[in-house]
Amino acid sequence: MRKPRERAPEDQRIASAYIFGAICPYDGKGTAFVLPACNVQAMDLHLTEISAEVAPGRHAVMLLHQPGWHMSARLRNHCSITLLALPPKCPELNPTENLWQFMRDNSLSNRTLKSYEDILDHCCFAWNKFIGQSWRITSIGLKDWAQTSCFMRIGINMQVLWSS
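Residues numbered from 1 in each chain as written. Predicted model: local features only at pLDDT ≥ 70, side-chain atom pairs only at ≥ 80, totals over all residues. Heavy atoms only, no water.

Caption draft 1: How the structure looks around the packing of helix α2 (residues 96-108) against helix α3 (residues 116-131). Axis separation between α2 and α3 bottoms out at 11 Å; the angle between their running directions is 115 degrees. Both α2 and α3 take part in a crossing whose hand is right-handed. For the pair α2 and α3, contact is made by L99, W100, F102, M103, S107 and L108 and by H122, C123, A126, W127 and F130, respectively. Classifying every residue of the contact of α2 with α3 gives nine nonpolar, two polar and no charged. (Axes fitted to C-alpha atoms, helices over the stretch in contact; angles between N-to-C directions. Helix = DSSP H or I, 4+ residues; strand = E, 2+ residues; numbered from the N terminus. Left-handed = near helix turned anticlockwise from the far one by under 90°. Contact = heavy atoms within 4.5 Å. Nonpolar A, V, L, I, M, F, W, Y, C, P; charged D, E, K, R; others polar.)

Caption draft 2: View of the confidence of the model for the protein chain. In this model, the protein chain carries a mean pLDDT of 77, and residues with pLDDT of at least 70 account for 79%. Per-element confidence in the protein chain is highest for α3, whose mean pLDDT is 92, and lowest for helix α6 (residues 150-153), whose mean pLDDT is 38. Confidence drops under pLDDT 50 across residues 148-160; counting only partners more than four residues distant or on other chains, this segment forms 30 contacts. (pLDDT = per-residue confidence, 0-100.)

Caption draft 3: How the structure looks around the pairing of strand β2 (residues 29-35). Taken together, the seven bridges between strand β1 (residues 18-24) and β2 define a ladder with antiparallel strand orientation. Residue pairing in the sheet places C24 in a bridge with K29 of β2. With antiparallel pairing between neighbouring strands as the criterion, β1 and β2 make up a hairpin whose turn holds four residues, including G28 at a positive phi of roughly 65 degrees. (Pairing = 2+ DSSP bridges.)

Caption draft 4: Just the environment of L84, in detail. Secondary-structure assignment places L84 in strand β4 (residues 81-85). Exposure remark for L84: the relative accessible area of 34% places this residue in the partly exposed category. (Buried < 20%, exposed > 50% of the residue type's maximum accessible area, 1.4 Å probe, protein only.)

Caption draft 5: Examining the side chain of S107 more closely. Locating S107 in the fold gives a position in helix α2. Ignoring any residue separated from it by four or fewer positions in sequence, one finds S107 in contact with H122 and A126.

Shown next, in the form of structure tokens:
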């Protein structure tokens, strides 16, 4: 006989924050923003931060699924980043989905927090805890199909990022 599921805390007040994060499994690092909305302006801010993190002389290929704010024509051109859209309805191809699942399982689910500032603090704490473990970034982020794909074989100095 199976044990009954544990009840999750309930609260009828709703407030959300969104973690815009990207990881580089080869370097074991990442960057993120915790923002109040998922929109083009938030994505542009995220891309600006990522482009600042791309090492001089390198170019980032960023894998993305396809919500409107990821691929909008209104995004500014960031010369050090190429956005590569994954096929629709294939989240399993984006290793960052594994990252978000890990964070939900270990840091972000079943919480009732007192204020929006607590939500922001908790998201930042969860991201910083994860990002401090470079070996975990590598183990979650590396995928065989990406390592052997054509953009990895062309021999230019690229930095591959996974982003949601």
